[in-house]
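One letter stands for each residue in the lines below.
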Amino acid sequence: IACVLSGLPESIIAAACARSGQRVLHVDARNYYGGNWASFSFSGLLSWIKENQQKTDISDVCEDWRKLVLENEEVLSLSKKDKTIQHVEDFCFGDQDSAEDVEEAGALPKLPVFGASGAEGVARESEEECPPTESTLPEAESREPEKATGAEPASAMEGNDTEITSENESPHSTDLGKSALELGETEAAPSEISAQEPKKIAYSQIVREGRRFNIDLVSKLLYSRGLLIDLLIKSNVSRYAEFKNATRILAFREGKVEQVPCSRADVFNSKQLTMVEKRMLMKFLTFCLDYEQHPDEYQDYENSTFAQFLRTRKLTPSLQHFILHSIAMVSETDCSTLEGLQATKKFLQCLGRYGNTPFLFPLYGQGEIPQCFCRMCAVFGGVYCLRHPVQCLVVDKESGRCKAIVDHFGQRISANYFIVEDSYLSESICTNVCYRQISRAVLITDQSVLNTDSEQQVSILTVPPVDLGKPAVCVIELCSSTMTCMKDTYLVHLTCPSTKTAREDLEPVVQKLFNLNTEKETENEELEKPRVLWAVYFNMRDSSGVDKNSYDGLPSNVYVCSGPDSALGNDCAVKQAETIFQEMFPTEEFCPPAPNPEDIIYDEDEIGPEESGFSNSPDTKPEPSTEESGSGDSSTVKKEDNEE
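Analysis parameters
- Residues numbered from 1 in each chain as written.
- Predicted model: local features only at pLDDT ≥ 70, side-chain atom pairs only at ≥ 80, totals over all residues.
- Heavy atoms only, no water.
- Helix = DSSP H or I, 4+ residues; strand = E, 2+ residues; numbered from the N terminus.
- Buried < 20%, exposed > 50% of the residue type's maximum accessible area, 1.4 Å probe, protein only.
- Contact = heavy atoms within 4.5 Å.
- Areas by Shrake-Rupley, 256 points an atom, 1.4 Å probe, with all protein chains shown as cover.
- Core = buried A, V, L, I, M, F, W, Y, C linked by side-chain atoms within 4.5 Å.
- Domains from an automatic or database assignment.
- Disulfide = S-S within 2.5 Å.
- Pairing = 2+ DSSP bridges.
- Salt bridge = Lys/Arg side-chain N within 4 Å of Asp/Glu carboxyl O.
- Polar contact = N/O pair within 3.5 Å; in protein donor to acceptor, adjacent residues only side chain to side chain.
- Phe/Tyr/Trp six-rings, centres within 6.5 Å; stacked < 30°, edge-to-face > 60°.
- Axes fitted to C-alpha atoms, helices over the stretch in contact; angles between N-to-C directions.
- Parallel < 35°, antiparallel > 145°, perpendicular 65-115°, else oblique.
- Left-handed = near helix turned anticlockwise from the far one by under 90°.
- Nonpolar A, V, L, I, M, F, W, Y, C, P; charged D, E, K, R; others polar.
- pLDDT = per-residue confidence, 0-100.

Draft legend 1. Here's a closer look at the overall build of the protein. The number of helices and strands found in the protein is 15 helices and 22 strands. Sorting the 644 residues of the protein into buried and exposed places 57% on the buried side. Taking contacts inside the protein between residues at least 6 apart in sequence as the whole, the part at least 24 apart equals 79%. Of the roughly 27300 Å² that the protein leaves accessible, carbon and sulfur atoms contribute 46%.

Draft legend 2. Here's a closer look at the nonpolar core. Formed by 72 residues in total, the largest nonpolar core has its most connected members in Phe42, Leu45, Trp48, Phe284, Phe306 and Phe359. There are two domains that each give this core at least three residues, and those are domain 1 (2-81 + 364-434 + 545-584) and domain 2 (263-350). Core analysis: the next-biggest nonpolar cluster, separate from the first, contains 49 residues, Ala15, Leu232, Ile233 and Phe581 among them.

Draft legend 3. Highlighting the state of the cysteines. Per the stated rule, a full pass over the model turns up zero disulfides. Here Cys377 is not cross-linked by a disulfide; its sulfur's nearest cysteine counterpart is in Cys374, at 7.0 Å. According to the relative accessible area criterion, Cys377 is buried, its value standing at 0%.

Draft legend 4. The sheet that holds strand 8 (residues 243-245), seen in detail. Across the sheet, which stays open at both edges, the three strands sit in the order 7-11-8 with antiparallel pairing between neighbours. Only two strands of the sheet have a single neighbouring strand rather than two, namely strand 7 (222-223) and strand 8.

Draft legend 5. Quick peek at unusual backbone geometry. Even without being a glycine, Arg387 presents a positive backbone phi close to 50°. Within the secondary structure, Arg387 sits in the loop between strand 12 (383-385) and strand 13 (390-396). Judged by relative accessible area, which is 36%, Arg387 ranks as partly exposed. At Cys591, a position not held by glycine, the phi torsion is positive, near 50°. By secondary structure assignment, the location of Cys591 is in the loop between helix 14 (571-584) and helix 15 (609-612). Residue Cys591 is classed as buried on the basis of its relative accessible area, which comes to 0%.

Draft legend 6. The pattern of salt bridges, seen in detail. Tallying each qualifying case throughout the model produces 20 salt bridges. Linking Glu507 and Arg503 is a salt bridge whose minimum nitrogen-to-oxygen distance equals 3.3 Å. Placement of both Glu507 and Arg503 in helix 12 (residues 502-513) is noted, with a separation of four residues, approximately one turn of the helix. It is possible to trace a salt-bridge network through shared partners that takes in Glu73, Asp396, Lys403 and Arg412.

Draft legend 7. Looking closely at the side chain of Ser39. Counting through the fold element by element, Ser39 comes out in strand 3 (residues 39-40). Of note is the side chain of Ser39, whose polar atom sits 2.3 Å from the side chain of Asp216. Here the side chain of Ser39 touches Gly367 through a polar contact of 2.9 Å, landing on its backbone nitrogen.

Draft legend 8. Main features of the packing of aromatic side chains. Evaluation of the coordinates by the stated rule reveals 17 aromatic pairs. Each ring, one from Tyr33 and one from Tyr384, has its centre 5.6 Å from the other, and the planes form 55°; the classification is tilted. Of this pair, Tyr33 sits in the loop between strand 2 (25-27) and strand 3 while Tyr384 sits in strand 12, and the two are 351 residues apart along the sequence. As far as burial versus exposure is concerned, Tyr33 and Tyr384 are alike and both buried. Note on Tyr291 and Tyr298: the rings are 5.6 Å apart at their centroids and 70° apart in plane angle, and the pair reads as edge-to-face. In this pair, the class of Tyr291 matches that of Tyr298, namely buried.

Draft legend 9. Local environment of the environment of His321. The residue His321 is located in helix 9 (residues 317-327) in this model. Apart from the residues lying within four places of it in its own chain, the contact partners of His321 are Ala251, Phe252, Arg253, Ser326 and Pro464.

Draft legend 10. Structural detail: the sheet that holds strand 22 (residues 558-561). Read across the sheet, five strands follow the order 12-2-1-16-22 without closing on themselves; strand pairing throughout is parallel. The sheet terminates laterally at strand 12 and strand 22, the two strands that pair on one side only. Averaged over all pairs of adjacent strands, the angle between strand axes in this sheet comes to 15°, irrespective of strand direction. Pairing between strand 2 and strand 12: three bridges, direction parallel. If you follow Val27 over to strand 12, its bridge partner there is Cys385.

Draft legend 11. Broad picture of the packing of helix 5 (residues 227-235) against helix 11 (residues 368-379). Packing of helix 5 against helix 11 leaves a shortest axis separation of 12 Å and a crossing angle of 25°. Taken together, the axis directions place helix 5 and helix 11 in an arrangement best described as roughly parallel. Here the hand of the crossing between helix 5 and helix 11 comes out left-handed. Contacts from Leu228, Leu231, Leu232 and Ser235 in helix 5 reach Ile369, Phe373 and Met376 in helix 11.

Draft legend 12. Structural detail: the packing of helix 1 (residues 8-19) against helix 14. Where helix 1 meets helix 14, the axes come as close as 9 Å, and the angle between the chain directions of the two elements is 40°. One finds that helix 1 runs oblique with respect to helix 14. In this structure, helix 1 meets helix 14 at a crossing whose hand is right-handed. Contacts from Leu8, Pro9, Ile12, Ile13, Ala16 and Cys17 of helix 1 reach helix 14 at Ala573, Val574, Gln576, Ala577, Ile580, Phe581 and Met584. A breakdown of the residues in the contact of helix 1 with helix 14 according to their chemical character gives 12 nonpolar, one polar and no charged.

Draft legend 13. Representation of helix 9 in the model. Across the 11 residues of helix 9, 10 count as buried, placing the element largely inside the fold. When we look at burial in helix 9, the residues that qualify are Ser318, Leu319, Gln320, His321, Phe322, Ile323, Leu324, His325, Ser326 and Ile327. Looking at the buried residues of helix 9, the elements they touch are strand 9 (248-253), strand 10 (256-259), helix 7 (275-289), helix 8 (306-311), helix 10 (337-350) and strand 18 (459-463). Looking at the residues trailing helix 9, positive phi occurs at Met329, about 55°.

Draft legend 14. Quick peek at the confidence of the model for the protein. Across the protein, the average pLDDT comes to 79, with 74% of residues at 70 or higher. Contacts from residues 108-134, a stretch scored under 50 in pLDDT, to residues over four places away or in other chains number 96 contacts. Note on residues 606-644: pLDDT is under 50 here. Beyond four places in sequence and across chains, it has 147 contacts.

Draft legend 15. Quick look at helix 5. Buried within helix 5 are the following residues: Leu228, Ile229, Leu231, Leu232, Ile233 and Ser235. On the buried face of helix 5, the contacting elements are helix 1, strand 7, strand 8, strand 11 (359-362), helix 11 and helix 14. Positive backbone phi, at 70°, marks Asn236, one or two positions downstream of helix 5.

Draft legend 16. Structural context of the environment of Gln447. Inspection of the secondary structure puts Gln447 in the loop between strand 17 (436-445) and strand 18. At 2.8 Å, the side chain of Gln447 and the side chain of Asn451 are in polar contact.

Spelled out as structure tokens, the structure:
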């Protein structure tokens, strides 16, 4: 199997193939793993911005590579320029000149890395300043919750090789999560200075502390009962990553940000809802959990929008807003009643499994997830090559099947199956393809959009469309305990389907939520808003809806993976990976559980390391490089399946 590019779908396929005994070569033209799913340190992101603003072509190292193509073969050239990122604009809202001679603390020589971010060097300091209280995923086999106590937090310097077990758990235990903390205690301790004004953060300080940032190109969360969580558990890949609960769901209504009650406890403890509204909301949410059993209540509205259906349910305007934008998180104009009910049910089913919201966020950023599957592939014998562009696909004229690839250095590499990311395909292959675009913005701010006693909050907020015809904007705010930003700052991701450039789509929302004024004299209303310290806007191609038949002249054994989509979860990537794997190997199981290192027993006289698929020893894992994003210090939290 030859995989070109290391995005999430390609990484999952590579891991599944290696696990089933296939030989896998995984190459990437970039000098980092993850493609458009990657995470960067601050200096790494600045380099990425500069690279995409310049858009230089890759020059041929070997000019006589065409000699490797035989007479009965033809060539399908691949693109040498990445066109998936456009309209990149970055802004500094501080004194940029003061940072000219400032170097990143702990900066190391640039090396081929397992991931684009470099947080490992500061992991222990981050632990001391803002210890995360996140969840690690459960063991693979069991699906029933059990309670336990006595879990010791793992060291931050152990990185992603930390095993997900408590000290009371035997190596063969298949319990779900173990815990030393109750679910209600998963938030970090309140800060003593939260009531004071936010600290002044200079741009030079952001540059100096740049390695504390892990900035995702694509902003997503993991549904606690989503396909990706199930795959991480099933395959045992969850051992390579750790997660933090999203702590609150927010809503933007009448110019203010407020917290949305989601669970039964939240609803009845809420001070913003009247007792009548609480009963109305609980009655509707209970109906949504088993709406299929009551078709008479919604079948007359199947051709209506979900917003119109909500108006018939005797819900107050505030409840309609909460359900539409913060629970179902669907469009007010385009979402049908059935789609809205399905989205609401999915949200409710995910509540209570790992925390009080349906979502998890991986420590050190979304870019950790492709790395986890790359590690699994490498453990089972996969070979990885960075800075390794591919010139073309070599196709047999008679059979129409792809026989080999020719790389940047003039080497011909043969394989039976080829996995290619959409961005590598040339314009001649994509003449009939119509792409969508995603508008993205990343902000570094000095305080949260909704201050509370605890500074360590992971929040998701859906901002309704500013104007008619505009999409809703998904805002994810990350605190420093997610290991994605430095202390006293927040990392804010904004995402929506594109209608114009990213800045034109998202800046109106940024202006509503944040203070962009760099002058000292600002109005009182602006002073209450979080101040933006730095921002970047860009458009990213969304190829998730493209059918394989849309590509002209693509051989039958070449499979195309899409880049990130605009959805909040990762279901599209997982479905795509499983579909492609089953097409290649219909009789093989998709990502079966990998054995625990301590469970692997083999006779060294009969089976050598090369034959076993492991490099040196039974517990071999890919070693993190100096800039790899490792997992941080964590304590395991209890996982409970509460019936909401």
